[in-house]
Amino acid sequence: MKNKVCGITSLTLVILQVVLILASWIVTSAMPELSMRSLLSPEGVRWLFGHFIENMSSPLLVDIILLSVAIGAVSFSGLVDSVVGMVHHRKIRYFERVGLWVVVGEILTVFIVVVLLTCVPHAILLSVTGHLFPSSFSQSLIPIISITLLACSVSFGLVSGRLSSLNQCFEAMTYGLVRFAWVLPIYVFFMELLRSIQFVFYV
């Protein structure tokens, strides 16, 4: 079902891209006085070929990769299962309980460090005007969350015995990339369509 939805979404984005290319050509040919650019003009063709990599490069792509790695590691390491088991008062192994305490310690440590970097006077992660949004903190929020989740997952897996080797730790880090790979084609088609709209309408 998911593949079908993703396939339909991708096809829709591709069709919209083709419609935009043809519409920009027809409209600019019929009404050249409009403030629009054609994707089939020499300038438009050069833009399509020359800016594809630039169109794909965005902080959103980095966020998708980081969150995929982090969420996959959380799932693969068994951290979610242990937390759910504890919440529902199911019996969990001793080393899983130790691993959960390690995770709590890591989260508290990260929280304290972030507070010290953002809440004390003249904190270095604040903007020049002293605000959190936008600031270095807001720009690094997703990386902070992702790296924290990744570190907690790997440490929990090692302490609990769910991850017993370097190979398994690396597999935990790549598990999410495979699991959420369906996002990437949609991202590519969406970003190309978005950048094309911006090019056509001088946005």
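The sections below set out a description of the structure shown in this document. This structure is a prediction, so every number in the text was calculated from the model and none was measured.

1. A word on helix α10 (residues 183–200)
In this model, α10 (18 residues) spans 26 Å end to end at C-alpha, consistent with the 26 Å of a helix rising 1.5 Å per residue. For α10, the set of buried residues is Val183, Ile186, Tyr187, Met191, Glu192, Leu193, Ser196, Phe199 and Val200. Contacts made by the buried residues of α10 are with α1 (2–30), α2 (42–50), α3 (52–56) and α4 (59–76). Where α10 ends, the next residue or the one after it, Tyr202, has phi of about 55 degrees, a positive value.

2. A word on the pattern of salt bridges
Applying the stated criterion across every chain yields a total of three salt bridges. Ionic pairing is found between Arg37 and Glu43, a salt bridge with its closest N-O pair at 3.3 Å. Note that Arg93 is salt-bridged to Glu96, the shortest N-O span being 3.1 Å. Classification of Glu96 as buried rests on a relative accessible area of 6%. Connected through salt bridges with shared partners, the residues Arg93, Glu96 and Arg162 form a single ionic network.

3. What about the layout of surface pockets?
By volume, the largest pocket is sized at about 190 Å³. Lining the largest pocket, in full, are Leu79, Val83, Met86, Ile92, Arg97, Leu100, Trp101, Val103, Val104, Ile107, Leu149 and Cys152. Contributions of two or more residues to the lining of the largest pocket are made by α5 (79–87), α6 (94–118) and α8 (141–160). If you tally residues by element for the lining of the largest pocket, the top one is α6, at six residues. By residue class, the composition of the lining of the largest pocket is 11 nonpolar, no polar and one charged. If you add up the space inside the second largest pocket, you get close to 160 Å³.

4. Description of the environment of Ser29
By the element assignment, Ser29 lies in helix α1. Considering only alpha carbons, one finds Ser29 and Ser41, 12 residues apart in sequence, at a separation of 9.9 Å.

5. As for the packing of aromatic side chains
In this structure the tally under the stated criterion is four aromatic pairs. Ring geometry for Tyr94 against Phe95: centres 5.3 Å apart, planes inclined by 70 degrees, an arrangement best described as edge-to-face. Here Phe95 falls in the partly exposed class, since its relative accessible area comes to 48%. Both rings, one in Phe133 and one in Phe137, keep their centres 6.2 Å apart while their planes meet at 75 degrees; by these two values the pair is edge-to-face. With relative accessibility at 12%, the residue Phe137 sits in the buried group. Here the guanidinium or amino end of Arg37 rests over the ring plane of Phe199, the centre of that ring lying 4.1 Å away.

6. Details of a nonpolar patch on the surface
Nonpolar side chains collect at one region of the surface, where Val14, Val18, Leu22, Trp25, Ile26, Leu40 and Phe189 lie side by side and expose about 600 Å² of accessible area between them. In terms of residues, the nonpolar patch owes the most to one element, α1, which gives five residues. Looking at the element boundaries, Phe189 is found in helix α10.

7. Here's the deal with the side chain of Thr118
As for its placement among the helices and strands, Thr118 is situated in helix α6. Here Val114 takes part through its backbone oxygen, which lies 2.6 Å from a polar atom of the side chain of Thr118. Sequence-distant contacts of Thr118, that is, excluding residues within four places in its chain, are made with Ala123, Leu125, Leu126, Leu132 and Phe137.

Rules and cut-offs
Position numbers for residues count from 1 along each chain, tracking the sequence in the order it is written. Only residues with pLDDT of 70 or above have their local features reported here, since the model is predicted, and side-chain atom pairs are shown and tallied only from 80 upward, although totals for entire chains, interfaces and linings are computed over all residues. Neither water nor hydrogens contribute to the side-chain values; these are computed over all heavy atoms in the structure. Strands here are runs of E lasting at least two residues and helices are runs of H or I lasting at least four, both read from the DSSP assignment and numbered beginning at the N terminus. Multiplying 1.5 Å by the helix residue count minus one yields the expected span of that helix. For every residue, the accessible area (1.4 Å probe, protein chains only) is compared with the maximum for its type, and the residue is labelled buried under 20%, exposed over 50%, or partly exposed between those bounds. Contact between two residues is taken to exist if any of their heavy atoms lie within 4.5 Å; hydrogens are not considered. Any Lys or Arg side-chain nitrogen located within 4 Å of an Asp or Glu carboxyl oxygen qualifies as a salt bridge. Grid points spaced at 1 Å and placed over the protein atoms alone form the basis of the search, with a cavity being a set where a 1.4 Å probe fits but cannot get out and a pocket an open set showing protein on both sides within 12 Å along at least five of seven lines. Lining residues have an atom within 4 Å of a point. Grid points are joined across faces, edges and corners, and a volume is the space filled by probe spheres set on the points. Each residue is assigned to one of three groups, with Ala, Val, Leu, Ile, Met, Phe, Trp, Tyr, Cys and Pro labelled nonpolar, Asp, Glu, Lys and Arg labelled charged, and all others, Gly among them, labelled polar. Stacked, tilted and edge-to-face pairs are distinguished by plane angle, under 30 degrees for stacked and over 60 for edge-to-face with tilted covering the rest, among Phe, Tyr and Trp rings (Trp via its six-membered ring) whose centres lie within 6.5 Å. Two conditions define a charge sitting above a ring: the NZ of Lys or the CZ of Arg must be within 6 Å of the ring centre, and it must be within 35 degrees of the ring normal. The patches described consist of residues with a relative accessible area above 30% and no salt bridge, like charges being joined within 9 Å and nonpolar side chains (Val, Leu, Ile, Met, Phe, Trp, Tyr) within 5 Å. Methods summary: accessible areas were calculated by the Shrake-Rupley approach with a probe of 1.4 Å, and residue burial reflects only the protein chains presented. Any pair of nitrogen or oxygen atoms within 3.5 Å is treated as a polar contact; in protein, a donor-acceptor pairing is required on top of that, and neighbouring residues in sequence qualify only through side-chain atoms on both sides.

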